[in-house]
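Spelled out from the first residue to the last, the chains are:
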Amino acid sequence: MKRTVTIILMGFGRVGRAFAHLLEEKRNLCAERYGLELELKAILELGGGTVFSRHQELSRLLKNASPRLQDDLSWNPGLTLEEILPKMEPGVLVDCTVSSLKTGEPGLGFLNKALECGWHVATAGKGGLVFDFKNLMKKARTKGLKIKFSGATAAALPTLDVGLYSLAGAEILGIEGILNGTTNYILTRMDQGLGYEAALSEARQKGIAEPDPSMDVEGWDTASKILLISNAVVGTEFTFRDIKVEGITNISPEVLRAAKEEGKAVKLLGTLLKQGNQFAAEVRICPLEPGHPLFGVSGTNKGITFFTDTMGSISVIGGKSDPRGAAAALLKDILNIYR
Ligand SMILES: NC(=O)c1ccc[n+]([C@@H]2O[C@H](COP(=O)([O-])OP(=O)(O)OC[C@H]3O[C@@H](n4cnc5c(N)ncnc54)[C@H](OP(=O)(O)O)[C@@H]3O)[C@@H](O)[C@H]2O)c1
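Conventions used here
Residues numbered from 1 in each chain as written. Predicted model: local features only at pLDDT ≥ 70, side-chain atom pairs only at ≥ 80, totals over all residues. Near = placed C-beta within 6 Å. Helix = DSSP H or I, 4+ residues; strand = E, 2+ residues; numbered from the N terminus. Pairing = 2+ DSSP bridges. Axes fitted to C-alpha atoms, helices over the stretch in contact; angles between N-to-C directions. Contact = placed C-beta atoms within 7 Å. Parallel < 35°, antiparallel > 145°, perpendicular 65-115°, else oblique. Left-handed = near helix turned anticlockwise from the far one by under 90°. Nonpolar A, V, L, I, M, F, W, Y, C, P; charged D, E, K, R; others polar. Core = buried A, V, L, I, M, F, W, Y, C linked by C-beta atoms within 7 Å. Buried ≥ 20, exposed ≤ 12 C-beta atoms within 10 Å, placed from the backbone.

Visitor: Run through the site of the ligand, naming residues and quoting values.
Guide: Of all residues adjacent to the ligand, which total 21 residues, the nearest are Gly11, Gly13, Val15, Ala124 and Gly125. Breaking the shell around the ligand down by element, the ones donating at least two residues are helix 1 (14-25), strand 2 (36-45) and helix 13 (323-337). The dominant element in the shell around the ligand, judged by the number of residues it contributes, is helix 1, at three residues.

The structure is reproduced here in structure tokens:
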């Protein structure tokens, strides 16, 4: 028997659109392989939203390769999440907005409202979780709901799933991750001889770096990801105050030159280390030896290594670093909620 899952999508930018298209593309596979009819019932943006009363209305919107929600016939200016949540059978709220790492908003408000109304959450946004991880998780647990955030923790690269499921029963002694594709691309190009500004400008031209890349190059994106992975996998209660963060903006040419001479590769790592009974997390520039599992992770690629007591070290490398990869991570999380 098939189960219908109602989905509300917040944000219709690059990831939101990719997610809506992916749901359409994978509709039959989800029904046949997982017995789930995933029904995207509403999409909301800053100024309003659209509720789809029939699936054909969504299909019609998505026929356009780069659809604008405001152009849709059913666009409802001023429509809010509060209005629609109680009117629908609870399913999954998918957050594809950009939230502030300082206030958690707007994601924090969306996640709280969804949980209060009995909805599971899958989020690509980090802000809400970074800001109030403990309380959100507690709220979800109390209500028997799930918050999934693969999309916020390196997206298509499985990080949480490996830590939470594949390493169950093992003690995690440490984690090292190249978790940000933009900084890894810049460092790779610098290793090939470009200066920092030239490498950044090339990353911008290729659409790899955001117009304002500060969250990436100052290390905060990596810090958010190692914070969330650590809190989820080993149960720390880290906030930004607990993490020492170094970016790549002031990286010295000498560090790069010395690393090259020694055959090492310079990477920006998010790290977690167990010291006694305590964990310490950090974001730092690190020259890696050729034998390190992440040595060859170059360009926009990402990778993570878990060091364990019983399973040795386990590394995962790769995963598509783009909106479609992030959308695929959201879809995976939704399917796994109902498994
Ligand atoms: N891009 C990637 O490859 C990638 C990968 C992994 C994770 N992520 C994460 O995914 C999220 C979305 O990224 P993106 O690249 O899709 O960003 P984006 O293209 O800027 O899209 C964000 C969308 O959210 C909307 N929005 C902003 N405030 C809103 C509000 N209060 N209510 C409803 N909608 C609101 C924006 O509308 P307006 O345009 O009207 O402001 C826009 O449509 C981010 O948190 C990002 O960190 C992105």
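Visitor: Can you lay out the sheet that holds strand 5 (residues 92-95) for me, pointing to particular residues and giving the numbers?
Guide: Strand pairing in a sheet relies on backbone hydrogen bonds. The paired strands run either parallel or antiparallel. Ordered by their spatial adjacency, seven strands build an open sheet running 4-3-2-1-5-6-7, and the pairing between neighbours is mixed. The sheet terminates laterally at strand 4 (76-77) and strand 7 (147-148), the two strands that pair on one side only. When strand 1 (residues 3-10) meets strand 2, the two strands line up parallel, connected through eight bridges. Within the sheet, the bridge partner assigned to Met10 lies in strand 2 and is Leu44.

Visitor: Give a description of the sheet that holds strand 10 (residues 265-275) that names residues and reports values.
Guide: Pairing is mixed across the open sheet formed by six strands, whose spatial order is 9-11-10-8-12-13. Edge positions in the sheet fall to strand 9 (243-245) and strand 13 (313-317), since each has one partner strand and no second. Strand-to-strand twist in this sheet, taken as the mean axis angle between neighbours without regard to direction, amounts to 15 degrees. Examined bridge by bridge, strand 12 (residues 303-308) and strand 13 share five bridges and lie antiparallel to one another. Across the sheet, the residue bridging to Ile304 is Val316, located in strand 13. Here helix 11 (residues 220-233) sits on the sheet and contacts strand 8 (172-178), strand 9, strand 10 and strand 11 (278-288); the angle it forms with strand 10, its principal contact strand, is near 30 degrees.

Visitor: Which residues make up the packing of helix 1 against helix 13, and what values go with them?
Guide: Contact pair helix 1 / helix 13: the axes reach a minimum separation of 8 Å and the direction vectors enclose 60 degrees. When the interaxial angle is binned, helix 1 and helix 13 end up oblique. As helix 1 runs across helix 13, the sense of the crossing is right-handed. Within the contact between the two elements, helix 1 uses Arg14, Val15, Ala18, Phe19, Leu22 and Leu23 and helix 13 uses Pro323, Arg324, Ala326, Ala327, Ala328, Leu330 and Leu331. Per-class residue counts for the contact of helix 1 with helix 13 are eleven nonpolar, no polar and two charged.

Visitor: Kindly report on the packing of helix 8 (residues 181-191) against helix 9 (residues 196-205), identifying the contributing residues and their values.
Guide: Relative to each other, helix 8 and helix 9 sit at 130 degrees, their axes nearing to 9 Å. By the angle between their axes, helix 8 is oblique relative to helix 9. Once helix 8 is placed against helix 9, the crossing between them reads as right-handed. From helix 8, Thr182, Tyr185, Ile186, Arg189 and Met190 reach across to helix 9, where they touch Tyr196, Ala199, Leu200, Glu202 and Ala203. Residues belonging to the contact of helix 8 with helix 9 are distributed by class as follows: seven nonpolar, one polar and two charged.

Visitor: Go over the nonpolar core with me, naming the residues and quoting the values.
Guide: Leu9, Phe19, Val92, Leu93, Val94, Val121 and Leu330 are the most contacted members of the largest nonpolar core, which totals 90 residues. Those residues in contact with Val92, other than ones at most four positions away along the chain, are Val5, Ile7, Trp119, His120, Val121, Ala122, Ile334 and Ile337.

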